[in-house]
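# Overview (structure and organization)
The primary structure of each chain is shown beneath.
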Amino acid sequence: MSISVPAPVRGFFRRHPRLTRALELAVRPFEAASKKVVFGCKMCGQCILHETGMTCPMGCPKTLRNGPCGGVRMDGRCEVIPGMMCVWVKAERRSRWLPWGGAILKVQPALDWSGAGSSAWINVLADRQGKEAS
Amino acid sequence: MTRPIAPVLRLEEAFRSGLPVVTCEIATGDGADPDEVLRRVRLVSDHVDAVNVPDNTAGIVHMAAWAAAALLAREGVDPIMHVTCRDRNRMALQSDLLGAAALGVRNILCLTGDHMVHGDHPGAKPVFDLDSLQLVSLATVLRHGRYLSGREIRPAPALFPGATENPFAPPYDFRPLRLQKKVEAGARFIQTQITFNVKRFAAFMERVRDLGLDRTVPILAGVAPVRSARSARYMRERVPGMEVPDAIVRRMEQAGSERARREDEGIRVCVEIIEQLREVRGLAGFHLLPIHWEEAVAEIASRARLTPARASLSAHVEATARDAGSADARRDDREGALLNRHREHRA
């Protein structure tokens, strides 16, 4: 499942860059705070939470966005932080409960780091990523 | 390096022949001595189709993989260069792959990379700009003549990208699916983590066959000889993602501490695992990981009757040529015809 925003909405945001900017400034602190508390969000700006079993892949010490590394311990814990459950073990388990859980199989492209810190919500609505977002 | 020596059979062609393929990983020198790399590769080169060169394996700094791989290529051995995402961002990765291709290194194994916390520079900055799957995509994009930016490359590097999978680490159900993702991203061959638990490996391969992946991409099962009970315990307890069943640790303990005896037992266990894996359908061959013990490879190859595809192929060709009593002039034609026949067999 990838979120599709109706063309008129995208168009509206594209036509009004200043309004988009103002909206982002208002939304960003709220988005950052809420997602940080619930998902440990790192504000990468290109949220794929819904495609990774509502588990933020940026919590992985290797920031893997396509699946677990080969170093997951036998008990499912992280090889780097032994006290932490592997992000992808959780993601895989949780994705089974989601009606759109198959989205975990989608090949995720490389993250555009120039958009880090921007609001992923606004980025989705405006259909933008990378430096045009920041 | 004016005259790059072409290997007898490139890894890609070896896979295409449909014959069992053997690869082996060597340790690259812990210094700047090219002879150390060549000494190790000469111990294994007669028994394999291609040799893996690790990239700062276990997070411990060694000679650059592209340099060691280039030394192998010059020696007439087809190298498989490991590329990890740990130390380089997407720009460095692209330039390294182009440079490697220019030095005759085509086969690249795309890995995430062991984290530096386990290595000798735990304070280094982790890069992980890409993950292993995105690295496979990147190699595929380069192969098709574009940079990741979309800019055209002329000429495109003739890369043959491969990937790995570890059937022995959780989440077990997801491992075959992750393999599928890697194949979708463009992986052309697969090498697995070291197999000690054959049962778990067989279960993994069953799922892989259900997904039809064994028919899409050649899969090599990783196998390794254990040298002592101590190293078996070390792998079981200290190497994340490695599964060493207690039975194997016990066998190594029973072999005692006398060197010849424990080493013989280690090779015997390895050969038994190879025999068991031969019963698992869907494998294209074996990938040996002797872990600083390259001397064991010849013994394993002879006891397990492991023959690299290129050796099987030239044996076939010589036999046919002898039967027909023909001259060497037609040898190339025959080799091509044989390759085609094997290809049809496989299809």
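Residues numbered from 1 in each chain as written. Chains lettered and ligands numbered in written order. Predicted model: local features only at pLDDT ≥ 70, side-chain atom pairs only at ≥ 80, totals over all residues. Heavy atoms only, no water.

### Re the state of the cysteines
Simply put, the disulfide is a covalent bond whose two ends are the sulfur atoms of two cysteines. Tallied over the entire structure, the rule returns zero disulfides over all chains. Free of any disulfide, Cys44 of chain A has its nearest cysteine sulfur in Cys47 of chain A, 6.4 Å distant. Looking at Cys270 of chain B, it has no disulfide partner, and the nearest cysteine sulfur is the one in Cys24 of chain B, 10 Å off. (Disulfide = S-S within 2.5 Å.)

### Here we look at the nonpolar core
As a rule of thumb, nonpolar side chains are buried together in soluble globular proteins. All names here are of chain B. One finds Met81, Leu97, Ile274, Leu277 and Leu288 to be the most contacted residues of the largest nonpolar core, which totals 84 residues. No other element matches the seven residues that helix 11 (residues 259-277) contributes to this core. Excluding residues that lie within four positions of it along the chain, Leu97 makes contacts with Met81, Val83, Ile108, Leu138, Ala139, Leu142 and Leu159. (Core = buried A, V, L, I, M, F, W, Y, C linked by side-chain atoms within 4.5 Å. Buried < 20%, exposed > 50% of the residue type's maximum accessible area, 1.4 Å probe, protein only. Helix = DSSP H or I, 4+ residues; strand = E, 2+ residues; numbered from the N terminus. Contact = heavy atoms within 4.5 Å.)

### As for the domain arrangement of chain B
All names here are of chain B. Here chain B is described as being made up of domain 1 (17-308) and domain 2 (309-347). Computed from C-alpha coordinates alone, the two centres of domain 1 and domain 2 are separated by 29 Å. Every contact between the two is made by 12 residues of domain 1 and, on the other side, nine residues of domain 2. In total, about 900 Å² of surface goes out of reach between domain 1 and domain 2, with carbon and sulfur atoms giving 55% of it. A per-residue breakdown of the area domain 1 buries against domain 2 is headed by Ser17, Leu19 and Pro308, which together make up 55% of the total. The tally of links from domain 1 across to domain 2 stands at zero salt bridges. On inspection of domain 1 and its partner domain 2, the count reaches eight residue pairs in polar contact (both at pLDDT 80 or more). Of the residues that constitute the side of domain 1 that touches domain 2, the class distribution is six nonpolar, four polar and two charged. (Domains from an automatic or database assignment. Buried area = accessible area lost by both parts, 1.4 Å probe. Salt bridge = Lys/Arg side-chain N within 4 Å of Asp/Glu carboxyl O. Polar contact = N/O pair within 3.5 Å; in protein donor to acceptor, adjacent residues only side chain to side chain. Nonpolar A, V, L, I, M, F, W, Y, C, P; charged D, E, K, R; others polar.)

### Regarding helix 2 (residues 34-44) of chain B
Residues and elements named next belong to chain B. Of all the residues in helix 2, the buried ones are Val37, Leu38, Arg40, Val41 and Val44. All buried residues of helix 2 project into a common sector of 165 degrees when viewed along the axis, lining one side. Taken together, the buried residues of helix 2 touch strand 1 (21-25), strand 2 (50-53), helix 3 (65-74) and helix 12 (296-303). N-capping of helix 2 is provided by Asp33, with a side-chain oxygen placed 3.0 Å from the backbone N of Asp35. (Arc of directions from axis to C-beta.)

### Thoughts on the pattern of salt bridges
In total, this model carries 39 salt bridges over all chains according to the counting rule given. Ionic pairing is found between Lys62 of chain A and Glu79 of chain A, a salt bridge with its closest N-O pair at 2.6 Å. With Lys62 of chain A in the loop between helix 2 (17-39) and helix 3 (87-95) and Glu79 of chain A in the loop between helix 2 and helix 3, this pair connects stretches of sequence that are 17 residues apart. The residues Lys62 of chain A and Glu79 of chain A share a single accessibility class, namely buried. Residue Glu265 of chain B is joined to Arg251 of chain B by a salt bridge in which the shortest nitrogen-to-oxygen separation is 2.8 Å. Taken as a pair, Glu265 of chain B in helix 11 and Arg251 of chain B in helix 10 (residues 246-254) lie far apart in primary sequence, 14 residues in all. Under the relative-accessibility criterion, Glu265 of chain B is labelled buried at 15%. Among the charged side chains, a salt-bridge network with shared partners connects Arg251, Asp264, Glu265, Arg268, Glu272, Glu299 and Arg303 of chain B.

### Some thoughts on the environment of Arg77 of chain A
Residues and elements named next belong to chain A. Considering the arrangement of structural elements, one finds Arg77 in the loop between helix 2 and helix 3. Residues Arg77 and Arg96 lie 19 residues apart in sequence; the distance between their C-alpha atoms is 19 Å. Look past the residues within four positions of Arg77 in its chain and what remains in contact with it is Val72, Pro82, Gly83, Met84, Met85 and Cys86.

### Remarks on the sheet that holds strand 7 (residues 219-223) of chain B
Residue and element names in this part refer to chain B. Strands sit in the order 1-2-3-4-5-6-7-8 around a closed barrel of eight strands; the barrel is parallel. The mean angle between the axes of side-by-side strands here comes to 30 degrees, regardless of whether they run parallel or antiparallel. The pairing of strand 4 (residues 107-111) with strand 5 (residues 160-165) spans four bridges and is classified as parallel. The residue bridging Leu109 from the neighbouring strand is Gly162, located in strand 5. Sitting on the sheet, helix 5 (residues 132-143) is in contact with strand 3 (79-84), strand 4 and strand 5, with an inclination near 150 degrees to strand 4. (Pairing = 2+ DSSP bridges. Axes fitted to C-alpha atoms, helices over the stretch in contact; angles between N-to-C directions.)

### A look at the domain arrangement of chain A
Residue and element names in this part refer to chain A. The assigned domain composition of chain A is domain 1 (1-46 + 111-134) and domain 2 (48-109). If you average the C-alpha positions of domain 1 and of domain 2, the two centres end up 23 Å apart. If you look at the interface, domain 1 gives 10 residues, while domain 2 gives 13 residues. Across the domain 1-domain 2 interface, the total number found is three residue pairs in polar contact (both at pLDDT 80 or more). Looking at the side of domain 1 that touches domain 2 residue by residue, the classes come out as six nonpolar, two polar and two charged.

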